[in-house]
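Inside the fold
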Amino acid sequence: MTGRLITFEGGDGAGKSTQTARLADFLAGLGIPVLCTREPGGTAEAEAIRVLLVSGEADWDPLTEAMLHYAARREHVEKRIRPALAAGKWVISDRFYDSTVAYQCYGQGVAPEDEVALRRLAIGGLQPDLTLMLDIPVETGRERAQARQKSRYEEMNDGLHLRVRSGFLEIARREPQRVAVVDAAQDPDNVAAAVQTIVAGRFGLS
Ligand code: TMP
């Protein structure tokens, strides 16, 4: 039996890590074996790349940046996600390739066909079974994220974050069968309830 791959996506401060944990609790409560993970990261090697991309101060060329995200993603997929799916686990990832499309393509100008080529090379045809897009206005996300230390991406200008948000919404419009948009400006309990309803409906859980 193979597991399922569920991803959370959205702008900075949308509450993805909270909702990843809440969904994991919900599924575990139904007796489903769950693996929670995140990108960039999820293995020691990919976490080392994360340090370069997220906490570092380097000024990467955008395509280089996309390649580094895909290098981390390949490590994550090969060493963690595929083995977990093969063992029947439900993998919940805080970010996956839609983040590369939103941040590197819509945000930083990488050509869509280059992202498609990198994706095929790095992870073949692997796709999430379901993507939960936590949508939040840029300003609200920034206020929420204020308490924690800013990442390299959070330091980037508003123009980038506005393009990232519309990029995510465009992905959802293009792939409505895979991607569900959730209003993440609501109270976290309401977001968690909305997510549970979507997941239960999508996979026939009760
Ligand atoms: P986060 O773990 O707090 O969401 O931070 C990860 C940052 O990395 C976030 O600002 C978005 C960015 N990112 C990309 O630009 N491209 C990607 O492919 C991924 C996975 C993340």
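In what follows, the structure referred to is the one given above.
Cut-off values and rules
Residues numbered from 1 in each chain as written. Predicted model: local features only at pLDDT ≥ 70, side-chain atom pairs only at ≥ 80, totals over all residues. Heavy atoms only, no water. Near = heavy atom within 4 Å. Polar contact = N/O pair within 3.5 Å; in protein donor to acceptor, adjacent residues only side chain to side chain. Areas by Shrake-Rupley, 256 points an atom, 1.4 Å probe, with all protein chains shown as cover. Helix = DSSP H or I, 4+ residues; strand = E, 2+ residues; numbered from the N terminus. Nonpolar A, V, L, I, M, F, W, Y, C, P; charged D, E, K, R; others polar. Expected span 1.5 Å × (residues − 1). Buried < 20%, exposed > 50% of the residue type's maximum accessible area, 1.4 Å probe, protein only. Arc of directions from axis to C-beta. Contact = heavy atoms within 4.5 Å.

Turning to the site of the ligand, a few remarks are in order. Close contacts around the ligand come from 14 residues, with D12, R50, R95, T100 and Q104 the closest. The side chain of R50 places a nitrogen or oxygen atom 2.9 Å from an oxygen atom of the ligand. Contact between the ligand and H69: a nitrogen atom at 3.2 Å from a side-chain N or O atom of the residue. Notes on the ligand: free accessible area 480 Å², of which the protein chains cover 93%. Elements that contribute at least two residues to the shell around the ligand include exactly α2 (44–55), α3 (62–86) and α4 (97–107). Considering every element that reaches the shell around the ligand, the biggest residue donor is α4, with 4 residues. Looking at the shell around the ligand, its residues break down into 4 nonpolar, 4 polar and 6 charged.

This paragraph deals with helix α1 (residues 16–29). In this model α1 runs 20 Å from its N-terminal to its C-terminal C-alpha over 14 residues, within 8% of the 20 Å that 1.5 Å per residue would give. Residues of α1 that are buried: K16, Q19, T20, L23, A24 and L27. For α1, the angular spread of the buried residues around the axis is 140°, confining them to a single face. Among the exposed residues of α1, those oriented more than 90 degrees off its buried face are D25 and G29. On its buried face, α1 is in contact with β1 (4–10), β2 (34–38), β3 (90–94), β4 (130–135) and α8 (188–203).

These figures come from the coordinates and say nothing about function on their own.
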